[in-house]
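Close look at the chain arrangement
So you can see what is in the structure, the chains are spelled out below.
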Amino acid sequence: PWAVLVSEVMAQQTGVDRVIPYWHAFLDRFPTAVACAAAPAGDVVRLWSGLGYNRRAVNLHRCAQVVAADHDGRLPDRLDDLLALPGIGPYTARAVLAFAFEQPVGVVDTNVGRVLARWEGRPLRAAEAQSFADELARKADGRGTPTADGRGGDGDGGGGSRSWLWNQAVMELGAGVCRRRTPDCGACPVRPGCGWSAVGLTPPDPADGSAGVGSGQPRFEGSDRQGRGRLIDALCRGPVEGADTPAVMGWPGDPTRADEVVVGLLADGLVERDGDTLRLP
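Residues numbered from 1 in each chain as written. Predicted model: local features only at pLDDT ≥ 70, side-chain atom pairs only at ≥ 80, totals over all residues. Heavy atoms only, no water.

1. Brief notes about helix α7 (residues 90–99)
- In terms of residue burial, α7 counts as a mostly covered element, since eight of its 10 residues are buried.
- Of the surrounding elements, those touching the buried residues of α7 are α1 (2–10), α6 (79–83), α9 (126–141) and α10 (161–176). (Buried < 20%, exposed > 50% of the residue type's maximum accessible area, 1.4 Å probe, protein only. Helix = DSSP H or I, 4+ residues; strand = E, 2+ residues; numbered from the N terminus. Contact = heavy atoms within 4.5 Å.)

2. Focus on the layout of surface pockets
- Estimated volume of the second largest pocket: approximately 340 Å³.
- G52, Y53, N54, F220 and R225 are, among the 19 residues lining the second largest pocket, the residues nearest its centre.
- Among the elements that take part in the lining of the second largest pocket, helix α12 (residues 224–237) stands out by supplying six residues, more than any other.
- Partitioning the lining of the second largest pocket into residue classes produces five nonpolar, eight polar and six charged. (1 Å grid on protein atoms, 1.4 Å probe; cavity = no way out; pocket = protein on both sides within 12 Å on 5 of 7 lines; lining within 4 Å. Points joined across faces, edges and corners; volume = space filled by probe spheres on them. Nonpolar A, V, L, I, M, F, W, Y, C, P; charged D, E, K, R; others polar.)

3. Description of unusual backbone geometry
- A cis amide bond links P203 with the next residue in sequence, P204, at an omega value of 0°.
- Position of P204 among the secondary structure elements: in the loop between α11 (195–198) and α12.
- Residue Q13 is not a glycine yet carries a positive backbone phi of 60°.
- Within the fold, Q13 resides in the loop between α1 and α2 (16–29).
- Non-glycine residue E102 carries a positive phi angle of around 55°.
- Relative to the assigned elements, E102 resides in the loop between α7 and α8 (110–120).

4. Thoughts on empty space enclosed by the protein
- Taken as a whole and judged by the stated rule, the model has one cavity of 30 Å³ or more.
- The volume enclosed by the largest cavity comes to roughly 160 Å³.
- R118, C178, C185, C188 and C194 are, among the 15 residues lining the largest cavity, the residues nearest its centre.
- Top contributing element to the lining of the largest cavity by residue count: α8, with three residues.
- For the lining of the largest cavity, a count of residues per class yields 12 nonpolar, no polar and three charged.

5. Remarks on the sheet that holds strand β1 (residues 240–241)
- Strands sit in the order β1-β3-β2 across an open sheet of three strands; the sheet is antiparallel. Here the strands that pair on one side only, and so sit at the sheet edges, are β1 and β2 (272–274). (Pairing = 2+ DSSP bridges.)

6. Some words on the side chain of Q130
- In this structure, Q130 sits in helix α9.
- Residues contacting Q130, with those up to four places away along its chain left out, are R94, G106 and V108.

7. With respect to the packing of α8 against α10
- Their axes nearest at 8 Å, the elements α8 and α10 cross at an angle of 85°. Relative to α10, α8 is oriented roughly perpendicular. Across the interface between the two elements, N111, V112, R114 and V115 of α8 pack against V170, M171, L173, G174 and A175 of α10.
- Among the residues making up the contact of α8 with α10, the classes are represented as six nonpolar, two polar and one charged. (Axes fitted to C-alpha atoms, helices over the stretch in contact; angles between N-to-C directions. Parallel < 35°, antiparallel > 145°, perpendicular 65-115°, else oblique.)

8. Points about the pattern of salt bridges
- Counted according to the given criterion, the structure contains 11 salt bridges.
- A salt bridge links D43 to R46; the shortest N-O distance between them is 3.2 Å. Taken together, the residues D43 and R46, both in helix α4 (residues 41–48) and three residues apart, mark about one turn of the helix.
- Given the relative accessible area of 25%, D43 is considered partly exposed.
- For R46, a relative accessible area of 39% gives the class partly exposed.
- Taking the shortest distance from any N to any O, the salt bridge between D268 and R228 comes out at 3.0 Å. You can see D268 sitting in helix α14 (residues 255–268) and its partner R228 sitting in helix α12, a full 40 residues away along the chain. (Salt bridge = Lys/Arg side-chain N within 4 Å of Asp/Glu carboxyl O.)

9. Topic: α12
- The terminal C-alpha atoms of α12 lie 21 Å apart, and with 14 residues this matches the ideal 20 Å at 1.5 Å per residue to within 8%.
- Taken together, the buried positions of α12 are occupied by Q226, G227, R228, G229, L231, I232, A234 and L235.
- Turning to α12, the residues buried within the fold contact α4, α5 (55–70), β1, α13 (245–249), α14 and β3 (277–279). (Expected span 1.5 Å × (residues − 1).)

10. Side note on the packing of α4 against α5
- The contact between α4 and α5 brings their axes to 9 Å, and the two run at 135°. Regarding the angle of α4 to α5, the classification is oblique. Crossing hand, α4 versus α5: right-handed. Of the residues in α5, those touching α4 at A41, V44, V45 and W48 are R56, A57, V58, L60 and H61.
- Of the residues assigned to the contact of α4 with α5, the class counts are seven nonpolar, one polar and one charged. (Left-handed = near helix turned anticlockwise from the far one by under 90°.)

Set out below in structure tokens:
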């Protein structure tokens, strides 16, 4: 479960090909939540450096600390307990339930959200998409209505393995066939039941604006994210004097902007200030 959680957090807004080497290195250093919790946050950030969205590293470290302190070092297998962990949102919690514990819950990422909306032939609200995905996962697993704690109800599912496969299959369908810009409808194994196909793929695309379907990341070049990343990369090599931060971030003529970004990094727990010197926590 810990390895699944790490992979899911790393893959948020980051391509899987980039994640794989970081994932292996991270688990070599922190094979368990307890090992991660025992390390300084700065060590976690150093291993994360270059992957982007470094706030995820701090949140994962905080999550590991709670798991070590409150759950005997083991990730909980209940939805409410997972959602109570730092940095764990609805998608990540359900991904852990589905892929680590093989529970019959639907996992709605961008690819799944696109498949579901096109299947229904209309945009879906978040609650609709999640409910639909849960229903299909339970059907794949042969289970009935879920119980209040997020577990499956009565049925002959045999541990959730078929719903695990269902989630993987729909993600792959969306990534490789039901693509955003160039859907390969001729290769789609479920085209006969697709609502959008039934109307001849008439615009607008039902996936546009539907729940779970991303609209693309904001521009990185010249952004505050780029400046944050540059400073974190520098701090991984050693402390940085406050007066040097504008140049390190790439904005030597804009110390006000640099100061504002540093304030955000301090608030996120990614940076500590020792007098006029910045360092990793």
